[in-house]
Amino acid sequence: RFRSWQASLDVVPAIASLRARAEEIRAAELAQAAGRVTDDEREKLESVTAQILNKLLHLPTVRMKEAAVSPDGALYADAVRHLFGLEEE
């Protein structure tokens, strides 16, 4: 269990970058809508979009951590960085 946890640490930076990038996009889109919605609507949009984001990223996050224990586990993190353009940050 300790070895699995330790191996999963290798993918944590990729996971954090993916989540941060997704949150940047979400926040930017919400900011564009800010003048067109009421405060109550904005709060609902914030909540719903955060829930969607978490649900979309949950399984990839779990799978990256699971893959980290395999010999080629780092490749998954590299693929995520490449697919989402995270290496340019």
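Conventions adopted
- Residues numbered from 1 in each chain as written.
- Predicted model: local features only at pLDDT ≥ 70, side-chain atom pairs only at ≥ 80, totals over all residues.
- Heavy atoms only, no water.
- Helix = DSSP H or I, 4+ residues; strand = E, 2+ residues; numbered from the N terminus.
- Contact = heavy atoms within 4.5 Å.
- Core = buried A, V, L, I, M, F, W, Y, C linked by side-chain atoms within 4.5 Å.
- Buried < 20%, exposed > 50% of the residue type's maximum accessible area, 1.4 Å probe, protein only.
- Axes fitted to C-alpha atoms, helices over the stretch in contact; angles between N-to-C directions.
- Parallel < 35°, antiparallel > 145°, perpendicular 65-115°, else oblique.
- Left-handed = near helix turned anticlockwise from the far one by under 90°.
- Nonpolar A, V, L, I, M, F, W, Y, C, P; charged D, E, K, R; others polar.

## As for the side chain of Arg 26
Tracing the sequence through the fold places Arg 26 in helix 2 (residues 12-33). What Arg 26 contacts, discounting residues up to four positions off in sequence, is Glu 46, Thr 49, Ala 50 and Leu 53.

## So, the nonpolar core
Val 11, Leu 18, Leu 57, Met 64, Ala 77 and Val 80 are the most contacted members of the largest nonpolar core, which totals 13 residues. When contributions to this core are tallied by element, the ones reaching two or more residues are helix 2, helix 3 (39-67) and helix 4 (73-83). At 4 residues, the largest contribution of residues to this core is made by helix 2. Residues in contact with Met 64, not counting those within four places in the same chain, are Val 11, Ala 14, Ile 15, Tyr 76, Ala 77 and Val 80.

## Digging into the packing of helix 2 against helix 3
Two elements in contact, helix 2 and helix 3, have axes whose closest approach is 11 Å; the angle formed by their N-to-C orientations is 160°. On the basis of the axis angle, helix 2 is roughly antiparallel to helix 3. The two elements helix 2 and helix 3 cross, and the hand of that crossing is right-handed. Packed against helix 2, whose contacting residues are Ala 14, Ile 15, Leu 18, Arg 19, Ala 22, Glu 23, Arg 26 and Leu 30, the element helix 3 presents Leu 45, Glu 46, Thr 49, Ala 50, Leu 53, Asn 54, Leu 57, His 58, Thr 61, Met 64 and Lys 65 at the interface. Its residues assigned to classes, the contact of helix 2 with helix 3 shows 10 nonpolar, 4 polar and 5 charged.

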